[in-house]
Amino acid sequence: MAVQDGPQDPPRKEPGCLRGLVALVVFIGIVYAIWWFTGGKDGDDEASSAPSVSASATGDGGGSSGEWKVGDCGGPDPDRAPRGYRAFDCDDSEATFKALKIMDGSILPAAVQCPAGTDVIIEVSMSFGSDEGTGGGIPTDTVCGRNLSDDHPGDAGAGGGQLVKGDCVAADVKEIACDRAGPGDLKVLGLVEAATARCPSGTTDPIQLTIVVGRPYDTVCGRGL
């Protein structure tokens, strides 16, 4: 007669399956990073309208050490058009922006979150080889720049730059200028990672975003207008 044992624990996944899954995720991340830095990304990510543009190598920075520093100015580099940027004296007519903040570079483009007021994001990379105008290379720094002109699309509510607290978005989470927002649109009260933080009080429409590797938030805390 067969003996019936008690309730059995659910079968555990073999370690080999987990290792295979981790390896697959790492491989996909590497392929994505290579695709990005070889010019494969032309459009904007969800919840961000900031241009991601290549800059000159670290050696073309504005300081005496050849590195970018807060307060340095820069502008388009005609020798590396259309995506190249270089340092200029702030009183030079070719200068178009001033560095608000210098952040570490990242192979994950969504991982860098510049402060409010950033109008242009310059990805500084070190290129190897003769063709430095292709936008490739190893990322070294990210320059968060503010226009020297009176045009500041990166200000909170202005409708441009990366998404920040104080911006407005449409129902599809596309950033819009707050002075053009209407019923059905949302005011951004915060950007949080749902696993570690909660939306602030006053939030009526928390919006869970699709997964983007490296992005420091996954939820837009919105208040209906």
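Residues numbered from 1 in each chain as written. Predicted model: local features only at pLDDT ≥ 70, side-chain atom pairs only at ≥ 80, totals over all residues. Heavy atoms only, no water.

**Looking at the packing of aromatic side chains**
Alright, step 1. Evaluation of the coordinates by the stated rule reveals two aromatic pairs.
Alright, step 2. For the pair Trp-68 and Phe-97, a centre-to-centre distance of 6.0 Å together with 25 degrees between the ring planes defines the contact as stacked. Residue Trp-68 is found in the loop between strand E1 (52–54) and strand E2 (73–76), and its partner Phe-97 is found in strand E4 (residues 97–104); the two are separated by 29 residues along the sequence.
Alright, step 3. Overall, the relative accessible area of 1% leaves Phe-97 in the buried class. (Phe/Tyr/Trp six-rings, centres within 6.5 Å; stacked < 30°, edge-to-face > 60°. Helix = DSSP H or I, 4+ residues; strand = E, 2+ residues; numbered from the N terminus. Buried < 20%, exposed > 50% of the residue type's maximum accessible area, 1.4 Å probe, protein only.)

**Observations concerning the side chain of Asp-185**
Alright, step 1. With respect to the secondary-structure elements, Asp-185 resides in the loop between strand E8 (175–176) and strand E9 (186–192).
Alright, step 2. Of the side chains with opposite charge, Arg-180 comes closest to the buried, unpaired Asp-185, at an N-O distance of 8.9 Å.
Alright, step 3. Asp-185 has contacts with Val-169, Ala-170, Ala-171, Ile-176, Arg-180, Arg-223, Gly-224 and Leu-225, leaving out every residue within four places of it along the chain. (Lys, Arg positive; Asp, Glu negative; His and termini not counted. Salt bridge = Lys/Arg side-chain N within 4 Å of Asp/Glu carboxyl O. Contact = heavy atoms within 4.5 Å.)

**Some details on the confidence of the model for the protein**
Alright, step 1. With 66% of its residues at a pLDDT of 70 or more, the protein has an overall mean of 76.
Alright, step 2. The weakest mean pLDDT in the protein belongs to E1 at 37; the strongest belongs to strand E7 (residues 168–169) at 97.
Alright, step 3. With pLDDT under 50 throughout, residues 1–22 is counted as low confidence; its partners more than four residues away or in other chains account for zero contacts. (pLDDT = per-residue confidence, 0-100.)

**So, the pairing of E4**
Alright, step 1. Bridge count for E2 against E4 is two bridges, and the pairing is antiparallel. In the strand pairing of E4, Gly-74 is matched with Phe-97.
Alright, step 2. As paired strands, E4 and strand E6 (residues 138–147) are joined by seven bridges and run antiparallel to one another. Following the sheet pairing, Lys-98 is matched in E6 by Arg-146. (Pairing = 2+ DSSP bridges.)

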